[in-house]
Amino acid sequence: MKNIKTPLVCVAFAASFMTYTQAQNTFRDWEGGVSDDWVDNLNWQDDIIPSGAEATARIYNSDISTPSTPNNTVLKAGASANLKNVWIGNSNDPLESGNLTVESTATLTTTENFVMENNSKLTSSGAISVGNTNGIIVRDTSNVTLKNGSTLNRLALGDNSTATLESGSSVTEIANLG
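### A closer look at the pattern of salt bridges
Link 1 in the chain: Under the defined criterion, the tally for this structure stands at 7 salt bridges.
Link 2 in the chain: For the salt bridge of E166 with K147, the shortest nitrogen-to-oxygen distance reads 3.8 Å. Note that E166 is positioned in the loop between β13 (162–165) and β14 (170–176) and K147 in the loop between β11 (143–146) and β12 (151–157), a separation of 19 residues in sequence.
Link 3 in the chain: On the basis of relative accessibility, which here comes to 32%, the residue E166 falls in the partly exposed class.
Link 4 in the chain: Of the residues examined, K147 reaches a relative accessible area of 32% and is grouped as partly exposed.

Written as structure tokens, this is what we have:
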């Protein structure tokens, strides 16, 4: 009987450990080597599109980034992305900025953070919803442009950042980080 229990305990522990490691936050960097399409897995680190309650998309991909990324990031019309965090630009490296476009009828939802840094750019005609009370945090001379049809729940600006809200766009609340 003891010989039977020992393997079962090991199997139960291994299954428990695998479940724990899968629940940890997963980070995926935009590489943009194939196209600009968010939903093409070949554009993401390890060929995995960031998705789900524990996923974080890191977008460092502009012409001034070192090394530069061949294609900027676009969430195409009709596509949707649901994840924990979106980070555009890298606060640890001033040469890593990012660009994201959310096209009309596309939806981007985070359950926690959406942070833009280092002269990064967001252009949206789609819907963006950020799950925490900060909304999109925009700092370090980053720029947000919300075009006609764009919706956003909250925008927090700081550190010489700018936002352009075109006619027909909607933001529930705008805050100053200062």
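### Concerning the nonpolar core
Link 1 in the chain: Formed by 29 residues in total, the largest nonpolar core has its most connected members in W38, L100, L108, F114, L122, I128 and I136.
Link 2 in the chain: Every element with two or more residues in this core is listed here: β2 (52–59), β4 (80–88), β5 (99–102), β7 (114–116), β9 (127–130), β10 (136–138), β11 and β12.
Link 3 in the chain: When residues of this core are assigned to their parent elements, the largest contribution, 4 residues, is made by β4.
Link 4 in the chain: In this view, I128 contacts V102, L108, F114, L122, I136, T151, L152 and N153; residues no more than four positions away in its chain are not counted.

### So, the side chain of R154
Link 1 in the chain: Looking at where R154 falls in the secondary structure, it is placed in strand β12.
Link 2 in the chain: Of the residues examined, R154 reaches a relative accessible area of 17% and is grouped as buried.
Link 3 in the chain: Polar contacts involving the side chain of R154 include one to the side chain of E173, which spans 3.2 Å.
Link 4 in the chain: Those residues in contact with R154 that sit more than four places away from it in its chain are T133, N134, G135, I136, E173 and A175.

### A look at the pairing of β12
Link 1 in the chain: With respect to burial, β12 is a largely interior element, 5 of its 7 residues being buried.
Link 2 in the chain: Judged from the 2 bridges that link them, β9 and β12 form a sheet pairing that is parallel. When the sheet's bridge partners are listed, I128 is paired in β12 with L152.
Link 3 in the chain: Two elements, β10 and β12, share 3 bridges in a ladder whose sense is parallel. Bridging across to β12, I136 finds its partner in L155.
Link 4 in the chain: Sheet topology note: the β12/β14 ladder contains 6 bridges and is parallel.

Thresholds, definitions, all that
- Residues numbered from 1 in each chain as written.
- Predicted model: local features only at pLDDT ≥ 70, side-chain atom pairs only at ≥ 80, totals over all residues.
- Heavy atoms only, no water.
- Salt bridge = Lys/Arg side-chain N within 4 Å of Asp/Glu carboxyl O.
- Helix = DSSP H or I, 4+ residues; strand = E, 2+ residues; numbered from the N terminus.
- Buried < 20%, exposed > 50% of the residue type's maximum accessible area, 1.4 Å probe, protein only.
- Core = buried A, V, L, I, M, F, W, Y, C linked by side-chain atoms within 4.5 Å.
- Contact = heavy atoms within 4.5 Å.
- Polar contact = N/O pair within 3.5 Å; in protein donor to acceptor, adjacent residues only side chain to side chain.
- Pairing = 2+ DSSP bridges.

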